[in-house]
Amino acid sequence: MRSHSRQFIAMALAAGALRFGDFTLKSGRRSPYFFNAGVFSDGASLQALGGFYRAALDEAGLGFDMLFGSAYKGIVLAAALAIAYAASGRNVPFAYDRKEDKDHGEGGRLVGAPLGGRVLIVDDVLSAGTSARRAIAAIGAAGASPAGLAVALDRQERGLEAGAAAELESAGVPVVSIARLDDLADYLEPAAGREAEKAALLEYRRHWRCN
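Note that the coordinates shown come from a computational prediction; the quantities given were computed from them, not determined experimentally. (Residues numbered from 1 in each chain as written. Predicted model: local features only at pLDDT ≥ 70, side-chain atom pairs only at ≥ 80, totals over all residues. Heavy atoms only, no water.)

**Some details on the overall build of the protein**
(1) Moving on: Assigned secondary structure in the protein consists of 7 helices and 8 strands.
(2) Moving on: Relative to the 2.2 N^0.38 estimate, which gives 17 Å for 211 residues, the radius of gyration of the protein is 17 Å and therefore close to what a compact globule would have.
(3) Moving on: When the backbone C-alpha atoms are referred to their principal axes, the protein occupies close to 50 × 40 × 35 Å.
(4) Moving on: Counting every position in the protein, which comprises 211 residues, the buried fraction comes to 47%. (Helix = DSSP H or I, 4+ residues; strand = E, 2+ residues; numbered from the N terminus. Rg over C-alpha atoms; globule rule 2.2 N^0.38 Å. Buried < 20%, exposed > 50% of the residue type's maximum accessible area, 1.4 Å probe, protein only.)

**Details of the pattern of salt bridges**
(1) Moving on: In this structure the tally under the stated criterion is 11 salt bridges.
(2) Moving on: The shortest N-O distance in the salt bridge between arginine 205 and aspartate 182 comes to 2.9 Å. On the criterion of sequence distance, the pair formed by arginine 205 in helix α7 (residues 195–208) and aspartate 182 in helix α6 (residues 181–188) is long-range, its members being 23 residues apart.
(3) Moving on: For arginine 205, a relative accessible area of 24% gives the class partly exposed.
(4) Moving on: Between glutamate 197 and arginine 194 there is a salt bridge, and its shortest N-O distance comes to 2.6 Å.
(5) Moving on: When salt bridges that share partners are traced, they join Arg29, Arg155 and Glu157 into one network. (Salt bridge = Lys/Arg side-chain N within 4 Å of Asp/Glu carboxyl O.)

**Here we look at the environment of alanine 179**
(1) Moving on: Structurally, alanine 179 can be placed in strand β8 (residues 175–180).
(2) Moving on: For the pair alanine 179 and valine 151, spaced 28 residues apart in sequence, the C-alpha separation works out to 8.3 Å.
(3) Moving on: Not counting residues up to four positions away in its chain, the partners in contact with alanine 179 are Arg2, Ser5, Phe8, Ile9, Ala152, Leu153 and Asp154. (Contact = heavy atoms within 4.5 Å.)

And the structure:
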């Protein structure tokens, strides 16, 4: 397992951002585990998370001109990633969207740098791909092109017809993740005292894993 994947999973478990139980996802699926990036709510954890995103992107070698944070958690994550790049001298512009149009002030749904060029979408998790498709539509409507999707956790699940990541990649939107479901399963494998959690996770993976 890649070192940034292992470090990210360890941090998420320690912080309670990665939990086990019985959860209903936005897709309507019931899952034995849940990732909540909102738990990373201080400077140190966001600094670490921005570094993990950057490590995954550097490894992938994905080119892009700017960042786009999907409302709402992706907004903070895109900012953290932009700061991680700025720390090494690369000043990356970023924008984000609202979930509803603003009818006063500057108005509109998009905030931040104007969308243009190759836009990297930043979000917390990839499940069925619903949020990613909404972001891709917003980027295209602004006359820009999606360079890819960067997520903290790829659940490796089905999208509309096939695997969510495979569907996006077939549309020309590569997916880069800090960690995937397979990484989480590998991380838990030698862990003592997590037998029930491991069993539930493996059963869920058998049912939903697509890529």
